[in-house]
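An overview of the molecular structure
Chain residues, written in single-letter form:
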Amino acid sequence: QVQLVESGGGLVQPGGSLRLSCAVSGNIDTFYAMGWYRQAPGRQRDILAAISNDGGTDYVDSVKGRFTISRDIAKNTMYLQMNRMKPEDAAVYYCYADPIGSSRTADYIWGQGTRVAVSS
């Protein structure tokens with residue numbers, strides 16, 4: 001069973017940066033896509049960014065230009081570089097992998113989440 005483990009969360013001041021990592025116990029280049037969601041208290045889990053098997057990336061408007069998704073195939077690790085962070089970025093961040101290309105979240109493999117707080 002493939003597992004995803006996030007790390008890198010913590011407290012950052014507004015305007016600061018964090019880099020989240022998602023380590024995969026398998027070959028990430030076998031997935032159709034990977035990406036990041038986040039869930040703020042009292043809100044649904046929302047997609048933030050995705051990276052396809054061919055390296056193409058996509059972002060929601062709220063993080064475009066501030067967040068960068070990337071992956072290191074040799075390390076089987078995906079990253080989310082978050083810059084110019086805002087208080088509204090505070091949430092639990094989850095990485096996922098889409099193993100069969102269904103684009104259905106029920107088919108995804110999920111990490112356990114890492115908490116990000118943004119406060120001065």
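Placed above this text is the structure.
The paragraphs below set out a description of the structure included in this document. (Residues numbered from 1 in each chain as written. Predicted model: local features only at pLDDT ≥ 70, side-chain atom pairs only at ≥ 80, totals over all residues. Heavy atoms only, no water.)

**Looking at the environment of Asp61**
The residue Asp61 is located in the loop between strand S6 (57-59) and strand S7 (67-72) in this model. When the C-alpha positions of Asp61 and Leu48 are compared, they lie 8.6 Å apart, and in sequence the two are 13 residues distant. Polar side-chain contacts of Asp61 include one of 3.2 Å to the side chain of Lys64. (Helix = DSSP H or I, 4+ residues; strand = E, 2+ residues; numbered from the N terminus. Polar contact = N/O pair within 3.5 Å; in protein donor to acceptor, adjacent residues only side chain to side chain.)

**Focus: the state of the cysteines**
A disulfide bridge is the covalent bond that connects two cysteines by way of their sulfur atoms. Here the structure, examined in full by the defined rule, presents 1 disulfide. Note on cysteine connectivity: Cys22 is disulfide-linked to Cys95, with sulfurs 2.1 Å apart. Linking Cys22 and Cys95, the disulfide has an S-S dihedral of approximately 65° and is accordingly described as right-handed. Pair noted here: Cys22 is in strand S3 (residues 18-24) and Cys95 is in strand S9 (residues 91-98), with a separation of 73 residues, a long-range link. The two residues Cys22 and Cys95 agree in class, both being buried. (Disulfide = S-S within 2.5 Å. Buried < 20%, exposed > 50% of the residue type's maximum accessible area, 1.4 Å probe, protein only.)

**Notes on the pattern of salt bridges**
Taken as a whole and assessed by the stated rule, the structure comprises 4 salt bridges. Among the ionic pairs, Arg38 bridges to Asp89, the shortest N-O distance being 2.9 Å. Residue Arg38 is found in strand S4 (residues 33-39), and its partner Asp89 is found in the loop between strand S8 (77-82) and S9; the two are separated by 51 residues along the sequence. Residue Arg38 is classed as buried on the basis of its relative accessible area, which comes to 13%. Here Arg66 ties to Asp89 by a salt bridge, and the two come within 2.8 Å at their closest N and O atoms. Of this pair, Arg66 sits in the loop between S6 and S7 while Asp89 sits in the loop between S8 and S9, and the two are 23 residues apart along the sequence. The burial state of Arg66 is the same as that of Asp89; both residues are buried. Among the ionic contacts, a cluster of salt bridges with common partners joins Arg38, Arg66 and Asp89. (Salt bridge = Lys/Arg side-chain N within 4 Å of Asp/Glu carboxyl O.)

**Quick word on the pairing of strand S5 (residues 46-52)**
For S4 and S5, the ladder comprises 6 bridges, and the chain directions are antiparallel. Paired with Trp36 across the strands is Ala49, a residue of S5. In textbook terms, the turn of a hairpin is the stretch between consecutive antiparallel strands, and for S4 and S5 this stretch comprises 6 residues, one of which, Gly42, has a positive phi near 75°. With 3 bridges connecting them, S5 and S6 associate as antiparallel partners. Paired with Ala49 across the bridge in S6 is Tyr59. Counting the residues in the hairpin turn of S5 and S6 gives 4 residues, including Gly55, whose phi is positive at 95°. (Pairing = 2+ DSSP bridges.)

Any link to function would need more than the numbers given here.
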